[in-house]
Structure formats: structure tokens, C-alpha cells
Amino acid sequence: MRPALTSPSPSAPTARRGGGRGRVALNRLESAAVSIFAVLLTANLVALSVHVWLFLPDDGSPGGGGLAILGPSLYFPDVAANEKGGAANVKRSDGSCCKKRVRPVDGAPQGAASESLREALSKDDVIRYDVVPNILEETRGYGVVHQLPSIPNRRRMIPTEDSKYYVPSDAVHNLTYFLEARARPDEEDRPLFIYNPMLLPLDDRVIDRAIISELSSVSADVAYVGVYRLSNFANCHGPGRGVPDTYQNYLGLALLDRDLNIVRDATTGEYLDAVIDLNQHMWEVGWSPTGGKRRPKKPKQYMQDCQLFAVESKQHEMAGMVLLCNEYAMPVSLERRRADHNPNANSEGGEQIYFKNTYGSGLQLTAPHKPIMIQYGGKNMHYFAAVGSNGEHGPTFLEMWPGGPHEVTRVDFSRHPLIDRSHELEMMKATKPEPEASYTTIDNEGKQSPLIDRDSGSACCVPIQWKGSDGTERNLLLGFSHRKTRRTPKDKYNYVSRVYAFEPTPPFDIVARSGFFCLGFAGDSSEEARQSDNEQVHGAANDYKLKIREEEFECPRIHFVTGIAEKMGDPNTVIVSYGVNDCYPRMIEVPKEFLVGMMEPR
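Everything in this summary refers to the structure shown in the same document. (Residues numbered from 1 in each chain as written. Predicted model: local features only at pLDDT ≥ 70, side-chain atom pairs only at ≥ 80, totals over all residues. Heavy atoms only, no water.)

Quick look at the nonpolar core now. Nonpolar side chains in soluble globular proteins generally cluster together in the buried interior. Leu478, Phe480, Phe594, Leu595 and Met598 are the most contacted members of the largest nonpolar core, which has 55 residues in total. Among the elements that line this core, the one with the most residues is helix H10 (residues 592-599), at five residues. Contacts of leucine 595, omitting those with residues within four sequence positions, involve Leu478, Phe480, Val499, Ile564, Val574 and Val590. (Core = buried A, V, L, I, M, F, W, Y, C linked by side-chain atoms within 4.5 Å. Buried < 20%, exposed > 50% of the residue type's maximum accessible area, 1.4 Å probe, protein only. Helix = DSSP H or I, 4+ residues; strand = E, 2+ residues; numbered from the N terminus. Contact = heavy atoms within 4.5 Å.)

Spelled out as C-alpha cells, the structure:
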């Protein structure tokens, strides 16, 4: 602070020489100094107030701290826009949401993506990984990014209500805020990230009509069950940030319509989604993977990245669906939660498990039996059925490895227990050599590939028509696999995918494989992003791009395919589901013709 100015004494030489005019000048100077001092003092007070607003948390009282007069419109422009009816995609404090994804009417002509792909693959000897997402974006493919409405405002990265924690205006880009938020002491204050989605089509060709009738009773629009991983852990700011001690996973479920919007109950208007802490619930009922009676002090995160698939039930007590989370599987049923539902129901006195919803009240997940381990340390396993020459479903299998070689094991999930633990799993391996990839990418250059040596499973399977070199057509099954880069300083934590096709009957020999590729971001300024309630679609996740051999590509560093399903009512189109940088989920529609074209020899 500047010291106060004092007037010269009457005996000072300058005062004597200046006479009356000197005293007037000094008075003017003193007045100007006081005015300057007042301005500086006011500026300092304003700066101090802004500093307190920005860097100190409020006390959690209504209206926040003493600077609540500034309001959200200054530091939360998106919130203000939303309250004014603008385009912001955040959940409001009254609990209402959600943006509806509107299917564009001016999509690209049919076959445009496949034609662009053929042209792109014929241009160069070495194909860029981002050829696929660039073409899908240019041909205006349909995509959706979900947020679950049941997640409370308090667990969003940008809460629209008062928070006891400081929320910066750049919350979805702020690394310091991201790291602090995920480790908060109270679970209810940690933001939840949603990623790694998949779809179960409610198709009466593969799923019991009674299940479809039950889930469709709330709305005639129900077409799919969406399945998601939720966690306070994410890689929105790139991998390598460590795993917090508070690491926790949840299962997300939602009923979706044909445009992949989350469905509302036709009577109550309630969104039909749920968030379930499987690990917490299984800990509470005393379940352990090893069957031991000693319960750990807190739940362990055994179950994550879950898949939900239909099985052909041959026993009435079986639910017709199986939930597979890493290496643990259990039969389940999913129903509309009734008005007389008892939230305290549990499995005491029997194995029946009524899972408690952490959030959401519209759906009820139930298991008649506790989970069973399929294979110790197993992951990326995928359920499929062999297909006969007339298209009928045959025996069912779990794909353990999609290549190097293709390995599967026979399972019958229509019985209890799902796996006979008295015998080891018998592996069936493909007998024919795997074909070369249909095109070359930069990982093939140099002495050693930056990628690991074997594909891991991503998603399986959908039927396709394949025309062989002799012109004959036959039915194959198509899946996705992935590889990640080796753990070297320059290349680690990058993921690429491929599609592959195999014979639909044992021993399931691989017939065709594409080269590697990536899948894209939702696009910060796209209609898909603007029509999403997930704030991460505008965040830091879009800044971390695939980089291999010092070359950067226009796609996420981590894209992880977790689902593939035929589009309801359109067997020529599939919906591919994947996580973007372990930060937000994306589902895109892709023509089967496009995927088949990726595997055709050049």
C-alpha cells in the first residue's frame, strides 16, 4: 500500500518561493493523490474479492460465499445459457434434463461411406489410422454421446447448484480440478465419468419375448438396453495420471429408443436408467470370488466393464440374460421397478439378489444366483452362438482370443451353474493360418512394431455376407479386436482396432482381417456434441490424440470398442459402441458394407 502524502511545511524553501500560487498547486496535487489512492484501494479490494471467489471454497450455505452476488452467469456461462434456453447441455438444479438426439434428415447418400473408403484405401501404400473416422465424419454418420439422467447434480464435473468446492469455469479442461475432485473424501462429491458402453437389442429373434414385453410395458419406444461403466477414475486428461485410492466402479443401465435416446416412462415421465454399485452390494451379501468366508474390510473392484447378453433359456428359473463383468458372470433379470418395490429386499435366506440402485428408481436388476468366475484373470471374453447354414443358432461359445490363433470355449449359460468348476475350460483353436491384414499401417514399418504381438477381444459378433475370391457368397461372423502400444516412453497407452471375420461353425477359422484403425471423437462443435448432456464431450478428452511413431492422428489416444449390435429394423447397419479416452461413451451407426470393405484384399 502506498504511504499517504503530506504537505510541505510553511518553512520549506519551495513554499516560501512559490507564494500563494505554490500553495494552490500543492493543494491540487494533494487532491489528485487522494483520488489516485482511492482508485487504487478500490482496485485492490476488487482484486482481493475476485481472488477469494476463485481460490477459496464457499461454506456450502445457500447462495455460496459472500460473493454470491456474482452468480453463476459470470463463471458458468454454459449454465446461464441453459437457464436462458440456450444450447448448454447440463443438468439443471430442478433435476430436469435431457437433450434429445435428433436424427438428421440430410444424411449422406447410401453407400457414400463405402465408396469413400474404397477410394482412400487405393490411394496409398501405407494407410493412416484415422482414415475410418474421417470418412464416417465426412459422410455424416449418426452418433450419440450419453449421460445418465439419474446421476445427481452433485456428482457432475460442472454442478449447476451451489457446491462446497470451487468449480473453475474451465472445469472440463482443468487438470488440477480433475485430480482433486476424484479423490474427495465424500463419495457423493466425486464426479462420475461414464464410458465403455454396449447395447443389447430387444430383438425377439434372440431374446425371450417375456423380457421384451416387461421392458416395453413402460413405453412402446423401448428398443435397446444400454450398458455402461461408471467410475470416479477416468483418463480425460490422458493416461498415466495414476489411480486414486478412492477408485470405485459402477454399472450403468438405461432403456433406449431406436434413435438411442434414453426412454421415459409413458406414465410418470421418469427417465428409465439406473446406476448400481455391484461391488458394494456383493460385498454386503458376503460374496467372494474364491468362496472364502473372510470378507475384506472394504469392497474390492472385481466387477467392471460389464456386458449384458441374451441366452436361450431352457430352465424356467433362468433369467434369459447374463451379466459378464471381466471374468465374473451371473444370470440376471431386468425389470421395471414396481410401486410396491421393497428397497431393503436382499438375499438373506437364499441366493436371490435384489441389487440396490445407487441412483435411479425406474429399473430393478435381480440375480437368482451369485456370480461365478469363468477364468482366473480373464477379460475381454465375448459370448456368441454358432450359426447353421439356414441361419439357425447352434451351440454357444465364449471367444477368449480373437486371433493369434482364434480361441474359443464351449459354454451353456442356460443352465446352473454357468460353468462346471470341476473341469478346466477346454479351448478350441482355429486350424487354418490367419490371413494377412487387408492394408498396411505405419506400425508395420521398422524392425519392431510399436504394437504388442497379439490382438485382444473388443466386441463380438454380428452376421455378414462375404464374397470370396471365387465369387461365391457365404455367411460369416464379424467382430472387433484391439491392440495397444508397447510400454515404451514414446508410444505407451495408445490403442488401435481392427475388424475380422470368421467361419460361423467350429473351429471358427479366421477368413479376413482389416488393417488397424481408430475411431473418432464426437466433435466439440458437432450436432452430436450439442445434443448431449455429457459435459466431457466438450472437455480435455478431445485434446489427447493417438500418436504412434511420432505421428499424430485425428482420433483419441484411447478408443476402446466394447459393443457391436445390429440396428433394430435394419440388418444392414450395425451400432458400434466405444469409450473415448476412458472419459465419455459414444455409439455410432456404421453400414455393414463399410466394415466388410475394410477387410477386402486390395
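The next point concerns the pairing of strand E3 (residues 224-231). Of all eight residues making up E3, eight are buried, and the element is well covered by its neighbours. Here E3 shows no split at all, with Tyr224, Gly226, Tyr228 and Leu230 on one side and Val225, Val227, Arg229 and Ser231 on the other all buried. The sheet contact formed by strand E2 (residues 193-201) and E3 spans seven bridges and is antiparallel. Its bridge partner lying in E3, leucine 200 is registered against valine 225. (Pairing = 2+ DSSP bridges.)

A few words on the sheet that holds strand E1 (residues 143-144). Pairing within the open sheet is antiparallel, and its four strands lie in the order E1-E25-E24-E23. Either end of the sheet is taken by a strand with one partner, and the two such strands are E1 and strand E23 (559-567). Pairing between strand E24 (residues 570-580) and strand E25 (residues 584-591): eight bridges, direction antiparallel. The residue of E25 that forms the bridge with valine 574 is valine 590.

A few words on the pattern of salt bridges. Going through the model one piece at a time under the given rule, you end up with 29 salt bridges. Between aspartate 305 and arginine 229 there is a salt bridge, with its nearest N and O atoms 3.2 Å apart. Here the residue aspartate 305 occupies a position in the loop between helix H8 (278-284) and strand E6 (306-310), and arginine 229 occupies one in strand E3, the gap between them amounting to 76 residues. Accessibility expressed as a relative area gives 22% for aspartate 305, which makes it partly exposed. For arginine 229, a relative accessible area of 8% puts it in the buried group. Among the salt bridges present, the one from arginine 483 reaches aspartate 455, with a minimum N-O distance of 2.4 Å. Here arginine 483, found in strand E18 (residues 473-484), pairs with aspartate 455, found in the loop between strand E16 (427-429) and strand E17 (456-467); they are 28 residues apart in sequence, far enough to count as distant. Side by side, arginine 483 and aspartate 455 carry an identical accessibility label, which is buried. Through salt bridges with shared partners, one network takes in Arg103, Asp259, Lys567 and Glu589. (Salt bridge = Lys/Arg side-chain N within 4 Å of Asp/Glu carboxyl O.)

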